[in-house]
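For reference, the chains in residue letters:
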Amino acid sequence: MLRHRILFPVVYPFFLLPTFGSSVGTKLAVLVACPCLALAINFRAIGRIVVLLLMALSTLVPLLLLVQTAVCSSPVYAMPGSLAHCVAQRSLTVLLNVCLLSSVFLLATANEWRGSLVTTINGMCLPRNIRVMAIVSGAMIGGFRRSMFRVYHAFTARGEAMPSVHWRNLIVLPTMLGAVWAAELNGVVKRVKGQWSSDTFWARYVPADRPIDSACTKSDVLVLSAGGLLIGVLLVSFRF
Amino acid sequence: MKNLPTIILAAACIALNVAIGTLVYLLKLPLYLDSAGIMLAALLVPGSRINASIFSAIVGVVSFVTFGVLVSPFQPWFIGTAIAGALYASLVVRGRVTDLIDGTATTARFLGRLLIFGIGWGIVAAVVSAPIVVYLFGGVTGAGTTLIFAFLVKTGHQLVSAALLTGFSAEPVDKTLSLLLAIAVARFTPQAFRQLLADSR
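Remember, it's a predicted structure, so these values are computed and weren't measured experimentally. (Residues numbered from 1 in each chain as written. Chains lettered and ligands numbered in written order. Predicted model: local features only at pLDDT ≥ 70, side-chain atom pairs only at ≥ 80, totals over all residues.)

**Describing the overall build of chain A**
Across its full length, chain A carries nine helices and zero strands. Each helix (α) and strand (β) of chain A, taken in turn from the N terminus, gives the series α-α-α-α-α-α-α-α-α. Residues classed as buried in chain A amount to 31% of the 240 residues present. Taking contacts inside chain A between residues at least 6 apart in sequence as the whole, the part at least 24 apart equals 70%. (Helix = DSSP H or I, 4+ residues; strand = E, 2+ residues; numbered from the N terminus. Buried ≥ 20, exposed ≤ 12 C-beta atoms within 10 Å, placed from the backbone. Contact = placed C-beta atoms within 7 Å.)

**Focus on the interface of chain B and chain A**
Of the residues lining the interface, 45 residues belong to chain B; the matching set on chain A comes to 50 residues. In terms of residue class, the side of chain B that touches chain A is built from 34 nonpolar, nine polar and two charged. (Nonpolar A, V, L, I, M, F, W, Y, C, P; charged D, E, K, R; others polar.)

**Observations regarding the packing of helix H1 (residues 4-26) of chain B against helix H3 (residues 49-70) of chain B**
All names here are of chain B. At a minimum axis distance of 9 Å, the contact between H1 and H3 shows a crossing angle of 40 degrees. Looking at the two axes, H1 sits oblique to H3. Seen from above, H1 lies across H3 with right-handed handedness. Contacts from Ala10, Cys13, Ile14, Asn17, Val18 and Gly21 in H1 reach Phe55, Ile58, Val59, Val62, Ser63, Thr66, Phe67 and Leu70 in H3. Residue classes in the contact of H1 with H3 are distributed as ten nonpolar, four polar and no charged. (Axes fitted to C-alpha atoms, helices over the stretch in contact; angles between N-to-C directions. Parallel < 35°, antiparallel > 145°, perpendicular 65-115°, else oblique. Left-handed = near helix turned anticlockwise from the far one by under 90°.)

**Let's talk about the nonpolar core**
Membership of the largest hydrophobic core comes to 117 residues, with the highest contact counts inside it found for Ala10, Leu40 and Ala41 of chain B. Top element by residues in this core is H1 of chain B. It accounts for 13 residues. Two domains each provide a minimum of three residues to this core, namely domain 1 (11-114 + 213-239) and domain 2 (128-205) of chain A. When sequence neighbours within four positions are dropped, the list of residues in contact with alanine 41 of chain B reads Leu9, Ala10, Cys13, Phe55, Ser56 and Val59 of chain B. (Core = buried A, V, L, I, M, F, W, Y, C linked by C-beta atoms within 7 Å. Domains from an automatic or database assignment.)

**Let's talk about helix H6 (residues 107-135) of chain B**
All names here are of chain B. Over its 29 residues, H6 extends 42 Å from the first C-alpha to the last, a length consistent with the 42 Å expected when each residue adds 1.5 Å. Those residues of H6 not exposed but buried are Phe117, Gly118, Trp121, Gly122, Val124, Ala125, Ala126, Ser129, Ala130, Val133 and Val134. Turning to H6, the residues buried within the fold contact helix H4 (79-93) and helix H8 (159-187). (Expected span 1.5 Å × (residues − 1).)

**Observations regarding H8 of chain B**
When the terminal C-alpha atoms of H8 of chain B are compared, their 41 Å separation across 29 residues agrees well with the 42 Å that a helix rising 1.5 Å per residue should span. Of all the bends in H8 of chain B, the greatest reaches close to 30 degrees and is centred on glutamate 171 of chain B; the proline proline 172 of chain B follows between one and four positions later. (Bend = angle between axes of the 7 residues up to and from the residue.)

**Side note on the environment of asparagine 3 of chain B**
Assignment of secondary structure puts asparagine 3 of chain B in the segment before H1. In this structure the C-alpha to C-alpha distance between asparagine 3 of chain B and threonine 104 of chain B, which are 101 residues apart in sequence, comes to 30 Å. Excluding its chain neighbours within four sequence positions, the residues that come into contact with asparagine 3 of chain B are Asn129 of chain A together with Ser200 of chain B.

**A word on the packing of helix H2 (residues 36-44) of chain B against H3 of chain B**
Residues and elements named next belong to chain B. In the contact formed by H2 and H3, the axes pass within 8 Å of each other and the chain directions differ by 155 degrees. In terms of orientation, H2 lies roughly antiparallel with respect to H3. As for how H2 packs across H3, the hand of that crossing is right-handed. Contacts between H2 and H3 involve Gly37, Ile38, Ala41 and Ala42 from the former and Ala52, Phe55, Ser56, Val59, Gly60 and Ser63 from the latter.

Laid out in structure tokens, this is it:
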């Protein structure tokens, strides 16, 4: 199992090294390098995650500006110079670190995503139990959402839950969730006693022994080379 | 696979965390509710407290990574909070809310235990999250609680103490509700599934 992904997921923390006391230049270099590498490895996969990142950043930035304005105007953290300069300086430092971490996350996602959840999970260097858990939970998330909608409609049709803020929902919502949980697990019990009891079934989706994936190996080599280069740059910049 | 029911319990708890967490995140409520599955895993898994700690910590880590990929890319940086919550759930709460799950506790006992364990969980989460919130996100905790943080800093509090106080004001409410959800959901767990879990030991 370990033969072709020995360094998974140890390689990614290398990219986080610049977060700890590096110069702004090094951080910016990583910030540009990681998304470019992610694009080179898996152009199609990162579209969705980029949208999520941009949405999260668009929520973070106004709140960050608000907090940093409060910090800069407080007697404890007041800095010499104008308020705008202080806010900009403090916000940019935080934003740079957040973007740095997010770009590493982007790179990891691009390097691991193999087109479908099952292939992606099987491509990771993880014990078989964890892979089964991840694949079943992926299927269950969809199941939970569908069941939640069904139960929600059933409850609203009986007038027990109102589609607005209502004190009665405090009692109804946990009951509704419990009903969803019970429905899902009742289905699971049937499957465990039937189809899921067969080892052949699981061998088809989560093989114990996996063949070497050449695409996976290529992207690993690319990420490893970039990680090595980064460590080299860091060592040189610390030395001189 | 002999341990299939345990694996399925973990998968269901992860799905529960992600499903409720997504709903709350999309509704922009001043809560998280993304840890009820961690508590549920610690309460339901058979075996010792140590086993439950490891099991619920795995549930927490996988939940937060999945949530990060599907919904909020900032969530994986709070994995430490998930692990601390898993340890608290397994070592402190597990075995002490059995009557709450069975429905044999009186209302006063139910509310008392719920508040004590929920507030305790909230304090643990606030202490573990505070350094991440301050040093990584510059004090941004979420839409509602960020305003409390900004107010506290403006009134002269240090950043870490402001983050801790903000956490202490918001996390206990969130974690008490998460515990309530976990108990409610545990109560609905079918007997047939509990039997499968017991047999898989």
